[in-house]
Amino acid sequence: MDTFLQQLVNGLTAGSVYAVVALGYTMVYGIIQLINFAHGEVVMIGAMVAFSVINLLVPTGLPALAIVLIGAGCAVPLCMLVGYGMERLAYRPLRHAPRLAPLITAIGVSIILQHLALMIWSRNVLAFPQIIPSRTYFIGGAAITTVQIAILAICLMLMASLAILVYRTPLGTAMRATAQNAQVAGLMGIDINRVIAVTFIIGAGLGAVAGVLFGTYYGLAQYTMGSVLGLKAFSAAVLGGIGNIPGAMLGGILLGLVEALGAGYIGDFTDLCVWGLPLEACEGGGHFILMGSNYQDVFAFIVLILVLVFRPQGLLGERVGDRA
Amino acid sequence: MIRYFDTKGKPWLVWVGFALLGLSLALLPFALAQIGTTWVRITNYAILYVMLALGLNIVVGFAGLLDLGYIAFYAVGAYVYALLASPQFGLHLPFWVILPLGAAVAAFFGVILGAPTLKLRGDYLAIVTLGFGEIIRIFLNNLSQPVNITNGPRGITGIDPFALPGLRFTTAIEYYYLLLVVALLIIVVNLRLQNSRIGRAWEAIREDEIAARAMGIDTRNLKLLAFAMGASFGGVAGGMFSAIQAFISPESFVLVESIMVVSMVVLGGMGNIWGVILGALLLSFVPEILRWTVTPLQEALFGRMLIEPEVIRMLLFGLALVLVMLYRPAGLLPSAVRKRELEEHVA
């Protein structure tokens, strides 16, 4: 039971970060049906910029919270700029091209961003400075740290504000109109290009915050972190129903839980001794574990494949046409 | 062969051209060896990439399915060879047994991946294949416990070279000829495929799947076939890679490699065999030439190396992908049909 609660806490924390990243994918997809492959790299750049700024500010002796806030404050606008830049240069000219074309430029942009980051921040794994004093609380046998609580709170706040923006403001109405039918929305006086650019900018801003949170949580940042994180977040978006904003939130949290619980229990499930197989290794309470928690990263992909095969529209999505 | 070329009523010209081409390909390694044996080895890897790009071209170019995890099949082929011809299990089967087996196993994996996913839309398929590539790599990395199969991240060493009775392939030049023969074989198979019943069916699926199905084409099986054939070429290339390197580890089969092969296909011109070959050669040689020029140049200009050639290589790949899609979406040497298709949509 303790493992279960603990993995629940860990899964919720990681899942809420996935959810925030997944929002970036789902918003862009909802509006222009593009998988913004480079979104993961935006998250990475957010983490990297925050890393540099925080490292720069630590010797000044400012309070820890202020340092992290300034770090995030620098990362967010920069990532927004990156998000706008890639929409403008790489995606907008291809908006009416066949789907494969923007997907390939997206891969190109992702490679470029990754290697620019490599040039600036080297290929080493950077240790994210752990400056926020962390206290641990216990809830029914599971430990939860202040950082985890903060991450959960920030992610919930971001999701709530995004929901308000999309469902309660004129800009949100414009975004939803564009998502439904860009041409008609244009005829109704909506500046489509602006709405799409704003969508990219908001998505990138969310991604930047997620990057900072991710870096603070795991204490690591590397130029390659974006691709795996991006892929997981994309899986989350698909799980919830891509293009669907509440879906991305749900999908992110679920994926985090599946991953954490999977990693926590896969060792027990694939232990042939538990299944009662008469193996030499099992004698005297030994174990013969086929797959350990080092397979953690596989879960997201398996979830992705299962969802796409059995319910391609995702949990909350609507059925869409099959044509590419 | 002649009908693949525009001979303008002078078919003998083609044969003269073939003779000259054959002669220069045969003499190439000796000319390269004058510069340095490294260049023969670089050429060998370039030929491997040509094979990979041609295999992927079947999936991406002919059938129009974007596969971002293609390197997984290369890995499967490489590991099949490595496990059956190395001290890892003490097995030393001859290559002419393992290579077809590797191709078959890779094709099997292609079908396993394809069967549940091929009904997905193009961009979803791309992501799923990418995930599949990562899954294979994670398994290769971790299948050292509880039973040591792949030896984990340390990889497999001491892999046998190719051998026939009385002939062992060891030097780079010997492998060059072997690779050349296999590559030519693959090119011929591709040329024959393109205009076959199957090739035309793939083209129809790529252009409009619903229309193709209405015409009585079994789209699901043909897409599976494209996946399996593409995968089997990857498997063959992987087996040869294993033998040439004598050492493999999961490090060689990362996502970047998949993307590199995709770049080759896209840059050269999806669907056009000669374009794809050009793309593969360009993206294999240009980075090497860069490696030899950029470092001295930077040292002369700035006194030290500022940007590693490897990074420049990747930046160029990225830029190439973006620029080709923006300004020449059908590739450097576009296939006629593909060009019409892509430009029609842009206009």
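This is a predicted model, so every value here is computed, not measured.

How each quantity is defined
In this numbering scheme, every chain counts its residues from 1 along its sequence in written order. Think of it this way: whatever chain is written first is A, whatever ligand is written first is 1, and the rest follow in order. A pLDDT threshold of at least 70 governs which residues receive local features in this predicted model, and a stricter bar of 80 or more applies before side-chain atom pairs are shown or counted, although totals over entire chains, interfaces and linings include all residues. Numbering of helices and strands runs from the N terminus, with a helix taken as a DSSP run of H or I at least four residues long and a strand as a DSSP run of E at least two residues long. Based on C-alpha atoms, the radius of gyration is set beside the globule rule, defined as 2.2 Å times the residue count to the power 0.38. Two residues qualify as a contact pair if the distance between their C-beta atoms, derived from the backbone, is within 7 Å. Any residue surrounded by 20 or more other C-beta atoms within 10 Å of its C-beta is treated as buried, while 12 or fewer makes it exposed and the intermediate range makes it partly exposed; C-beta atoms here are placed from the backbone. Expected span of a helix: the number of residues minus one, times 1.5 Å. The nonpolar class holds Ala, Val, Leu, Ile, Met, Phe, Trp, Tyr, Cys and Pro. Asp, Glu, Lys and Arg form the charged class, and all remaining residues, Gly among them, are polar. For this analysis, nonpolar core means a set of buried Ala, Val, Leu, Ile, Met, Phe, Trp, Tyr and Cys residues linked through C-beta atoms within 7 Å. DSSP bridges decide pairing: two strands pair if at least two such bridges lie between them. Whenever a helix is involved, its axis is fitted only over the stretch in contact; in every case the axis is a line through C-alpha atoms, and angles between N-to-C directions fall within 0 to 180 degrees. The cut-offs work like this: below 35 degrees is roughly parallel, past 145 is roughly antiparallel, 65 to 115 is roughly perpendicular, and the gaps in between are oblique. Two helices cross in a left-handed way if the nearer one is turned anticlockwise from the farther one by less than a right angle. They cross in a right-handed way if the turn is clockwise. Within a predicted model, pLDDT stands for the predictor's per-residue confidence, ranging from 0 to 100.

### Details of the overall build of chain A
Link 1 in the chain: Each helix and strand in chain A was counted, giving eleven helices and four strands.
Link 2 in the chain: Taking 2.2 N^0.38 as the reference for a compact globule, 324 residues should give roughly 20 Å; the C-alpha atoms of chain A span a radius of gyration of 21 Å, in line with that estimate.
Link 3 in the chain: Principal axes of the C-alpha set define a box for chain A whose edges measure 75 × 55 × 40 Å.
Link 4 in the chain: Taking all contacts inside chain A whose residues are at least 6 apart in sequence as the whole, residues at least 24 apart take part in 77%.

### Digging into the overall build of chain B
Link 1 in the chain: Per the secondary structure count, chain B includes 13 helices and six strands.
Link 2 in the chain: Since a compact globule built from 347 residues should have a radius of gyration of about 20 Å, the 21 Å found for chain B is in line with a globular shape.
Link 3 in the chain: Viewed in the frame of its principal axes, chain B has a C-alpha envelope of about 55 × 50 × 50 Å.
Link 4 in the chain: Counting only residues that meet the buried cut, chain B has 46% of its 347 residues in that class.

### Section: helix 3 (residues 71–84) of chain B
Link 1 in the chain: For helix 3 of chain B, which comprises 14 residues, the first-to-last C-alpha distance of 20 Å matches the rise-based estimate of 20 Å (1.5 Å per residue) to within 8%.
Link 2 in the chain: Of all 14 residues in helix 3 of chain B, 14 are buried, a share of seventy percent or more.

### A short note on the interface of chain B and chain A
Link 1 in the chain: At the interface, 37 residues of chain B touch 40 residues of chain A.
Link 2 in the chain: Among the elements that line the side of chain B that touches chain A, the one with the most residues is helix 5 (residues 122–142) of chain B, at twelve residues.
Link 3 in the chain: When grouped by side-chain class, the residues that make up the side of chain B that touches chain A number 28 nonpolar, six polar and three charged.

### Notes on the nonpolar core
Link 1 in the chain: Ranked by internal contacts, the top residues of the largest apolar core, which has 211 residues, are A:Ala19, B:Ala53 and B:Val261.
Link 2 in the chain: With near-sequence residues (within four places) excluded, B:Val261 lies in contact with B:Tyr49, B:Leu52, B:Ala53, B:Leu56, B:Tyr70 and B:Ile71.

### Some words on the pairing of strand 2 (residues 136–139) of chain A
Link 1 in the chain: Note: strand 2 of chain A against strand 3 (residues 142–145) of chain A, four bridges, orientation antiparallel. Its bridge partner being in strand 3 of chain A, A:Phe138 is matched across the sheet by A:Ala143.

### Remarks on the environment of A:Met44
Residues and elements named next belong to chain A.
Link 1 in the chain: Its place among the elements puts Met44 in helix 2 (residues 39–57).
Link 2 in the chain: Between the C-alpha atoms of Met44 and Leu158, which are 114 residues apart in sequence, the distance is 19 Å.
Link 3 in the chain: Not counting chain neighbours up to four residues away, the residues in contact with Met44 comprise Ala117, Gly211, Tyr223, Met225 and Gly226.

### Some thoughts on the packing of helix 3 of chain B against helix 4 (residues 95–117) of chain B
Residue and element names in this part refer to chain B.
Link 1 in the chain: Following both chains from N to C, one finds helix 3 and helix 4 inclined at 140°, their axes separated by 9 Å at the closest point. Viewed along their axes, helix 3 and helix 4 adopt a mutual orientation that is oblique. Seen from above, helix 3 lies across helix 4 with right-handed handedness. Each of Phe73, Val76, Gly77, Val80, Tyr81 and Leu84 in helix 3 lies in contact with helix 4, whose residues at this interface are Ile98, Leu101, Gly102, Ala103, Val105, Ala106, Phe109 and Gly110.
Link 2 in the chain: Residue classes in the contact of helix 3 with helix 4 are distributed as eleven nonpolar, three polar and no charged.

### Here's the deal with the packing of helix 2 of chain A against helix 9 (residues 225–240) of chain A
Residues and elements named next belong to chain A.
Link 1 in the chain: In contact at an axis separation of 7 Å, helix 2 and helix 9 are set at 125° when each is read in the N-to-C sense. Taken together, helix 2 and helix 9 sit at an angle that is classed as oblique. Our pair here, helix 2 against helix 9, has a crossing hand that is right-handed. Along its contact with helix 2, which presents His39, Gly40, Glu41, Val43, Met44 and Ala47, the element helix 9 presents Met225, Gly226, Ser227, Leu229, Gly230 and Leu231.

### What to know about the confidence of the model for chain A
Link 1 in the chain: Of the residues in chain A, 96% reach a pLDDT of 70 or more, and the chain-wide mean stands at 87.
Link 2 in the chain: Looking at the elements of chain A, mean pLDDT is at its lowest for helix 11 (residues 296–310) of chain A, recorded as 82, and at its highest for helix 8 (residues 192–218) of chain A, recorded as 94.

### Overview of the environment of B:Met260
All names here are of chain B.
Link 1 in the chain: Mapped onto the elements, Met260 comes out in helix 10 (residues 255–268).
Link 2 in the chain: By the C-beta count within 10 Å, which is 23 here, Met260 ends up buried.
Link 3 in the chain: Each C-alpha atom, one on Met260 and one on Leu321, is 9.9 Å from the other, the two residues being 61 residues apart in sequence.

### Considering helix 9 (residues 219–245) of chain B
Every α-helix winds through 3.6 residues per turn, so residues three or four apart in the chain are directed the same way.
All names here are of chain B.
Link 1 in the chain: Along its 27 residues, helix 9 runs 39 Å from first to last C-alpha, staying within 8% of the 39 Å computed at 1.5 Å per residue.
Link 2 in the chain: Burial analysis of helix 9 places 21 of its 27 residues in the buried class, the great majority of the element.
Link 3 in the chain: A positive phi of about 65° marks Ala246, the residue just after helix 9.

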